Amino acid sequence: MLFVKSDEPMTQASDRWEKLRQEILVCQRCPLAQSRTQAVPGVGPPTARLVIIGEAPGYREDVQGEPFVGSAGKLLTKLLEQAGIKRESVFITNVVKCRPPENRQPTQSERKSCHSYLIRQLEHIQPKVIALVGRVPTETLLETRGSMGALHGKSFERNGRTFFVMYHPAAGLYNQTLVPIMEEDMRKLKKLLEKTADSGDQQEEGQLPLSDFFSNQKK
Ligand code: URA
């Protein structure tokens with residue numbers, strides 16, 4: 001029988017994954033449920049080595065039901081491909097799964113409502129590297145308040161997990177001079193992924209499950 005990461009049979013794991021996706025699709029936890037066209041759980045393999053986390057769906061994402069398909073998404077795809085990372089090999093999602101009206105930043109309360117979905121996704125995937133694009137995912141997952149100028153291109157170890165901070169691709173659309181920096185950061189991310197290529201999939205000794213780690217962090 002095929003097993004995923006731990007000793008869980010494959011069918012059970014994919015049922016759990018699909019159940020989570022369905023829960024997100026019908027979520028009514030916050031007022032964004034009223035204004036969205038559809039929720040956007042994320043796209044990519046549930047066994048991805050790399051997870052990319054953005055802020056929240058925008059107009060295009062809300063219409064298509066897929067993250068990063070608008071102009072920022074096109075730049076993200078280009079940066080990935082240039083660095084030799086296939087977009088289809090990455091699981092891409094957002095801190096908040098529904099579009100905030102007028103693309104405003106998601107509120108703390110909206111982020112909180114969605115938090116357990118993100119943690120369950122990460123818990124299921126057990127990625128080698130978690131890339132945080134922009135301020136919202138960086139603040140949410142690292143609880144770090146530095147400027148993006150200071151944090152981008154850096155990796156952080158938290159509870160034995162590797163996080164990598166990047167500019168949000170929309171920043172490169174507004175300010176073209178950031179694009180070469182973003183290209184360089186993507187190459188760093190590729191190297192980081194390669195570095196983790198040979199390490200096993202087992203949870204490290206003393207490492208808390210993500211759900212426990214983040215609930216401790218919030219206290
Ligand atoms: N910006 C994000 O942060 N996420 C998307 O999915 C699209 C644009």
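Every chain is numbered independently, its residues counted from 1 as its sequence is written. Residue-level local features of this predicted model are given only where pLDDT is at least 70; pairs of side-chain atoms are given and counted only at 80 or more, and the full residue set underlies all totals for whole chains, interfaces and linings.

Participant: So what's going on with unusual backbone geometry? Which residues, and what values?
Facilitator: One non-glycine residue, F68, lies in positive phi territory at about 50 degrees. Here F68 lies in the loop between α3 (59–64) and α4 (71–82). Put plainly, a residue is buried at 20 or more neighbouring C-beta atoms within 10 Å of its own, exposed at 12 or fewer, and partly exposed in between, counting only other residues' C-beta atoms, which are placed from the backbone. What makes F68 buried here is the crowd of 28 C-beta atoms within 10 Å. Positive phi values are uncommon outside glycine, yet E102 reaches one of about 55 degrees. Turning to its location among the elements, E102 is positioned in the loop between β4 (91–94) and α5 (108–125). Numbering goes from the N terminus for both helices and strands, where a helix is a DSSP run of H or I of at least four residues and a strand is a run of E of at least two.

Participant: Give me the lowdown on the pairing of β4, citing residues and values where you can.
Facilitator: As a general feature of sheets, a regular strand has side chains that alternate between the two faces. Along β4, one buried face is formed by F91 and T93 and the opposite face, lined by I92 and N94, is buried too. Sheet analysis places strand β3 (residues 50–54) next to β4, joined by 4 bridges and oriented parallel. Considered in β4, the bridge of G54 is made with N94. When DSSP finds at least two bridges between two strands, those strands are taken to pair.

Participant: Give a description of the pairing of β3 that names residues and reports values.
Facilitator: Counted residue by residue, β3 has 5 buried out of 5 residues, so it is predominantly covered. Burial of β3 is two-sided: the residues L50, I52 and G54 facing one way and the residues V51 and I53 facing the other way are all buried. Two elements, β3 and strand β5 (residues 129–133), share 4 bridges in a ladder whose sense is parallel. By the bridge assignment, L50 is partnered in β5 with V129.

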